[in-house]
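# Remarks on the overall topology
Each chain, written out:
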Amino acid sequence: MKTNLFFLKFILMTFLMWNVISCESKKSDNPLLDTQWNGLAKIPQETEIILKFSNDKIDVLLGNKVIETMNYTLSNDEINIEKNSGGTPCDAGTKGKYKYEVIGENLVMILISDECTARIKSLQGIVYKKIDVKK
């Protein structure tokens, strides 16, 4: 009887620990999740914007106003983006792929391919600085 109780406790503790570790690894799968980044995009003049990342969406903010929304996915060190709506001359549905790198408090994206040249000018080579988000 004691052996069965010990075995049951062991299985329960193992399951709980695995669950905690699993949740933590899922959080780290997306280093951009729930972050915001400030930078000077060329749209066409240099303008300060914020990239606000949520689960699968990027909001581009000018001041407090959302000027564009895009869906995104991450794969290794690449970010795939697709325009949903907004004021840039890109059509909804245009896709782009960038190599991205987070270096300390900086986010840099390097062009792989993009169907929208206006978006290239606002993302390519810009160093975005991380903004502390108050929850």
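Structure: see above.
Residues numbered from 1 in each chain as written. Predicted model: local features only at pLDDT ≥ 70, side-chain atom pairs only at ≥ 80, totals over all residues. Heavy atoms only, no water.

### Comments concerning the pattern of salt bridges
Just so we agree on the cut-off: The term salt bridge refers to a pairing of a side-chain nitrogen on Lys or Arg with a carboxyl oxygen on Asp or Glu at a separation within 4 Å. Throughout, exposure labels follow a simple rule: accessible area from a 1.4 Å probe, protein chains only, divided by the maximum for the residue type, with under 20% read as buried, over 50% as exposed, and the rest as partly exposed. Per the convention used, a helix needs a DSSP run of H or I reaching at least four residues, while a strand needs a run of E reaching at least two, with both numbered from the N terminus.
As enumerated under the stated definition, the model contains 4 salt bridges in all. Aspartate 59 is paired through a salt bridge with lysine 57; the nearest N and O atoms lie 3.6 Å apart. When its relative accessible area of 30% is taken as the criterion, lysine 57 is described as partly exposed. When the shortest N-O distance is used, the salt bridge between lysine 99 and aspartate 77 registers 3.3 Å. Of the two residues, lysine 99 sits in strand β6 (residues 95-103) while aspartate 77 sits in the loop between β4 (65-75) and β5 (78-86), which places them 22 residues apart along the sequence. Its relative accessible area of 31% is what places lysine 99 among the partly exposed residues.

### Focus on the packing of aromatic side chains
To describe a pair of aromatic rings, one takes the distance between the centres and the angle between the planes. Note the threshold: In this analysis, rings of Phe, Tyr and Trp, with Trp reduced to its six-membered ring, are considered paired at centre separations within 6.5 Å, and the interplanar angle assigns stacked below 30 degrees, edge-to-face beyond 60, and tilted for intermediate values.
Counted according to the given criterion, the structure contains 1 aromatic pair. Residues phenylalanine 53 and tyrosine 72 carry aromatic rings whose centres are separated by 5.2 Å and whose planes lie at 90 degrees to one another, so their mutual orientation is edge-to-face. Taken as a pair, phenylalanine 53 in strand β2 (residues 46-53) and tyrosine 72 in strand β4 lie far apart in primary sequence, 19 residues in all. Across this residue pair, the class does not change: phenylalanine 53 and tyrosine 72 are buried.

### A look at the layout of surface pockets
It is a probe the size of a water molecule, rolled over the atoms, that shows where empty space is left. To keep it simple, the criterion reads: Residues are called lining when one of their atoms sits within 4 Å of a cavity or pocket point, these points coming from a 1 Å grid over the protein atoms alone, where a cavity is a set in which a 1.4 Å probe fits but cannot get out and a pocket is an open set with protein on both sides within 12 Å along at least five of seven lines. Grid points are joined across faces, edges and corners, and a volume is the space filled by probe spheres set on the points. Residues are grouped as follows: Ala, Val, Leu, Ile, Met, Phe, Trp, Tyr, Cys and Pro are nonpolar; Asp, Glu, Lys and Arg are charged; all remaining types, including Gly, are polar.
The computed volume of the largest pocket comes to approximately 180 Å³. As for the largest pocket, its lining consists of Ile43, Ile49, Leu51, Val60, Ile67, Glu68, Met70, Gly87, Thr88, Arg119, Ser122 and Leu123. Secondary-structure elements contributing two or more residues to the lining of the largest pocket are β2, β4 and α2 (117-123). A breakdown of the residues in the lining of the largest pocket according to their chemical character gives 7 nonpolar, 3 polar and 2 charged.

### Description of the sheet that holds strand β3 (residues 57-62)
Definition in use: What makes two strands pair is DSSP finding at least two bridges between them. Note on geometry: axes are C-alpha line fits, over the in-contact stretch for helices, and angles between N-to-C directions span 0 to 180 degrees.
The strand order around the closed barrel built from 8 strands is β1-β2-β3-β4-β5-β6-β7-β8, with neighbouring strands paired in antiparallel fashion. Along the sheet, successive strands turn relative to each other by an average axial angle of 35 degrees, direction set aside. The pairing of strand β1 (residues 36-42) with β2 spans 7 bridges and is classified as antiparallel. Residue pairing across strands places tryptophan 37 opposite leucine 51, the latter belonging to β2.

### Notes on the nonpolar core
Here is the rule: Throughout this description, the term nonpolar core refers to a set of buried Ala, Val, Leu, Ile, Met, Phe, Trp, Tyr and Cys residues connected via side-chain atoms within 4.5 Å. Here, two residues are considered to be in contact whenever any of their heavy atoms come within 4.5 Å of each other.
Core analysis: the largest hydrophobic core is formed by 20 residues, its most contacted members being Leu51, Phe53, Ile58, Ile79 and Tyr128. Contributing elements (two or more residues each) for this core: β1, β2, β3, β4, β5, β6, β7 (106-114) and α2. Sorting elements by how many residues they give to this core places β2 first, with 3 residues. In this structure leucine 51 touches Thr35, Gln36, Trp37, Ile58, Asp59, Val60, Met109, Leu123 and Tyr128, once residues within four positions along its chain are discounted.

### Quick look at the state of the cysteines
We apply this condition: Whenever a pair of cysteine sulfur atoms sits within 2.5 Å, that pair is classed as a disulfide.
The full count for this structure, using the stated rule, is 1 disulfide. A sulfur-sulfur separation of 1.5 Å characterises the disulfide bridge that pairs cysteine 90 with cysteine 116. Because the torsion about its S-S bond is -65 degrees, the bridge between cysteine 90 and cysteine 116 counts as left-handed. With cysteine 90 in the loop between β5 and β6 and cysteine 116 in the loop between β7 and α2, this pair connects stretches of sequence that are 26 residues apart.

Everything listed is a geometric property; what it means functionally is a separate question.
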